[in-house]
Amino acid sequence: QARLQAGTGYGSTLSCIRTVYRRESVFGFFKGMAFPLTSIAVYNSVVFGVFSNTQRFLSHHRCQEPEAGSPRVLSDLLLASMVAGVVSVGLGAPVDLIKIRLQMQTQPFREANLGLKPRVAALGEQPAYQGPVHCIITIVRTEGLAGLYRGASAMLLRDVPGYCLYFIPYLFLSDWITPEAHTGPSTCAVWLAGGMAGAISWGTATPMDVVKSRLQADGVYINKYKGVLDCISQSYQKEGLKVFFRGITVNAVRGFPMSAAMFLGYELSLQAIRGDHVATSP
């Protein structure tokens, strides 16, 4: 997904897959994934926890003693989703940056920076980063701590509306799918509603995801973009409107099973916690 959005020389998803496999074998598809995989559990638990607790706080603030079965208020869901989006950027921006930098450094330097003089291009023959830790150290040393949040503004513009189109569709779809006689959504309803919410959220977030990926990939060797607007302008002038929909198929297809699994884990965790609470209550 990141290579499609920020890289050059990939005509389509299948072309990208073939090129990555030819150059880097099957291991190329897992480049830069060690750091995200080690932090994804913490990231998701914090984001889901922030959403749930913010929604609960708003509900208590609006109504001192809300009933257990009281209907959800859209304004509460919107604000809780927005807060979750802001928190997700604070946690996820450095993780995404490291992942994309490690992925994009594998693209030949001359392909990534056409028009540079051969002497300048020769500086990029060796990979810039030897691993996640070296990547973090290099970025902090050359760009400061703020360098770890490169592209955070684009990520904020992606995640704030993205989480609104993530949590809200899930809640309404799960309620719609669940029969009125049931007190909670079934496993099938959670899986289906979560998958659909993920596909909707990732599909609509693709244009800003492209901008975020390009800003974060920028800087492996040189800096081409001055900011979000400059990235949008340069990308549009060089590749047209279609560039902002690069990777939309990958995002939507990936979003379904990934989100279905996350929401299923979230609901099962809530059920376990509530069950323990009921069992231990006097």
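Here, residues in each chain are numbered from 1, in the same order as that chain's written sequence. Thresholds applied to this predicted model are a pLDDT of at least 70 for local features of residues and 80 or more for the giving and counting of side-chain atom pairs; totals over whole chains, interfaces and linings are not thresholded and use all residues. Excluded from the side-chain calculations are hydrogens and water; all other atoms, namely the structure's heavy atoms, are used.

## Overview of the overall build of the chain
Logical step 1: Think of it this way: any DSSP run of H or I at least four residues long counts as a helix, any run of E at least two long counts as a strand, and we number them from the N terminus. The number of helices and strands found in the chain is 11 helices and 0 strands.
Logical step 2: Each residue is assigned to one of three classes by its accessible area relative to the maximum for its type, calculated with a 1.4 Å probe on protein chains only: buried under 20%, partly exposed between the two thresholds, exposed over 50%. Burial statistics for the chain: of 282 residues in total, 44% are counted as buried.
Logical step 3: For this analysis, residues touch if any pair of their heavy atoms sits within 4.5 Å. A sequence separation of at least 24 residues applies to 76% of the contacts in the chain between residues at least 6 apart.
Logical step 4: For the chain, the exposed area adds up to about 15500 Å²; of that, 66% sits on carbon and sulfur atoms. Computed by Shrake-Rupley with a 1.4 Å probe, the accessible areas treat only the displayed protein chains as cover when residues are assessed.

## Quick look at helix H7 (residues 132-143)
Logical step 1: Between the first and last residue of a helix there are one fewer steps than residues, each counted as 1.5 Å, and that sum is the expected span. Spanning 12 residues, H7 covers 16 Å between terminal C-alpha atoms, matching the ideal 16 Å at 1.5 Å per step.
Logical step 2: Within the sequence span of H7, burial applies to Cys135, Thr138 and Ile139. Projected down its long axis, H7 carries its buried residues within an arc of 95°, all on one side. Of the exposed residues in H7, the ones pointing more than 90 degrees away from its buried face are Val133 and Arg141.
Logical step 3: In this structure, the buried side of H7 is in contact with helix H4 (74-104).
Logical step 4: In the segment just after H7, Gly144 is the residue with positive phi, at about 80°. Comment: arc refers to directions from the helix axis out to C-beta atoms.

## Focus on the packing of H4 against helix H8 (residues 152-177)
Logical step 1: Note on method: axes are straight lines fitted to C-alpha atoms, helices fitted across the in-contact stretch only, with angles between N-to-C directions ranging 0 to 180 degrees. Following both chains from N to C, one finds H4 and H8 inclined at 135°, their axes separated by 7 Å at the closest point. Judged by the angle between their axes, H4 and H8 are oblique. Read as a crossing pair, H4 and H8 show a hand that is right-handed.
Logical step 2: Broken down by class, the residue content of the contact of H4 with H8 amounts to 18 nonpolar, 4 polar and 3 charged. Working definition: roughly parallel below 35 degrees, roughly antiparallel above 145 degrees, roughly perpendicular at 65 to 115 degrees, and oblique for all remaining angles. Crossing handedness: left-handed means the near helix sits turned counterclockwise from the far one by under a right angle, and right-handed means the same turn made clockwise. Residues are grouped as follows: Ala, Val, Leu, Ile, Met, Phe, Trp, Tyr, Cys and Pro are nonpolar; Asp, Glu, Lys and Arg are charged; all remaining types, including Gly, are polar.

## Let's talk about the pattern of salt bridges
Logical step 1: For this analysis, a salt bridge means a side-chain nitrogen from Lys or Arg found within 4 Å of a carboxyl oxygen belonging to Asp or Glu. This model, assessed by the stated rule, comprises 8 salt bridges.
Logical step 2: In this structure, the salt-bridge partner of Asp96 is Lys99, at a minimum N-O distance of 4.0 Å. One end of the pair is Asp96 and the other is Lys99, both in helix H4 and 3 residues apart, which spans about a single turn. Lys99 matches Asp96 in its accessibility class, with the two residues each being buried.

## Describing the nonpolar core
In summary, soluble globular proteins display a tendency toward joint burial of nonpolar side chains.
Logical step 1: Buried Ala, Val, Leu, Ile, Met, Phe, Trp, Tyr and Cys residues form a nonpolar core when they are joined through side-chain atoms within 4.5 Å. Grouped together as the largest cluster of nonpolar side chains are 23 residues, with contacts concentrated most on Phe48, Phe51, Tyr166, Phe167, Tyr170 and Phe263.
Logical step 2: Within the residue set of this core, elements represented by two or more residues are helix H3 (34-62), H4, H8, helix H9 (187-217) and helix H11 (248-280).
Logical step 3: Broken down by element, this core gets its largest block of residues, 7 residues, from H8.
Logical step 4: Among the domains, domain 1 (32-110 + 126-149) and domain 2 (151-246) are the pair contributing at least three residues each to this core.
Logical step 5: What Phe167 contacts, discounting residues up to four positions off in sequence, is Val47, Phe48, Phe51, Ser81, Ala84 and Phe263. Domain start and stop points were drawn from an automatic or database domain assignment.

## Quick notes on the packing of aromatic side chains
Logical step 1: Each Phe, Tyr or Trp ring (for Trp, its six-membered ring) is paired with any other whose centre lies within 6.5 Å, and the angle between the two planes then decides the class: stacked below 30 degrees, edge-to-face above 60, tilted in between. Within the structure shown, the criterion is met by 12 aromatic pairs.
Logical step 2: Centre to centre, the rings of Phe48 and Phe263 are 5.3 Å apart; their planes meet at 70°, and the pair counts as edge-to-face. Taken together, the residues span a long stretch of sequence, with Phe48 in helix H3 and Phe263 in helix H11 at a distance of 215 residues.
Logical step 3: Since its relative accessible area comes to 6%, Phe48 is described here as buried.
Logical step 4: Since its relative accessible area comes to 1%, Phe263 is described here as buried.

## Quick notes on the environment of Asp209
Logical step 1: Mapped onto the secondary structure, Asp209 falls in helix H9.
Logical step 2: Each C-alpha atom of the pair Asp209 and Phe245 lies 9.1 Å from the other, and the pair is 36 residues apart in sequence.

## A short note on the confidence of the model for the chain
Logical step 1: Overall, the prediction assigns the chain a mean pLDDT of 80, with 72% of residues at 70 or greater.
Logical step 2: The lowest-confidence element of the chain is helix H6 (residues 118-121), averaging 39 in pLDDT; the highest-confidence one is H8, averaging 95.
Logical step 3: Scored below 50 in pLDDT, residues 109-124 makes 17 contacts in the model with residues more than four places away or belonging to other chains.
Logical step 4: Taken as a whole, residues 276-282 scores under 50 in pLDDT and shows 0 contacts with residues more than four places along the chain or in a different chain. The predictor's confidence in any single residue is recorded as pLDDT, a number from 0 to 100.

## Observations concerning a nonpolar patch on the surface
Logical step 1: Note on patches: the residues involved have over 30% relative accessible area and no salt bridge, like charges join within 9 Å, and the nonpolar side chains Val, Leu, Ile, Met, Phe, Trp and Tyr join within 5 Å. Where nonpolar side chains cluster on the molecular surface, the patch consists of Leu74, Leu78, Leu79, Met82, Val83 and Phe172 and spans about 480 Å² of accessible area.
Logical step 2: For the nonpolar patch, the element with the highest residue contribution is H4, accounting for 5 residues.
Logical step 3: Position of Leu74 among the secondary structure elements: in helix H4.

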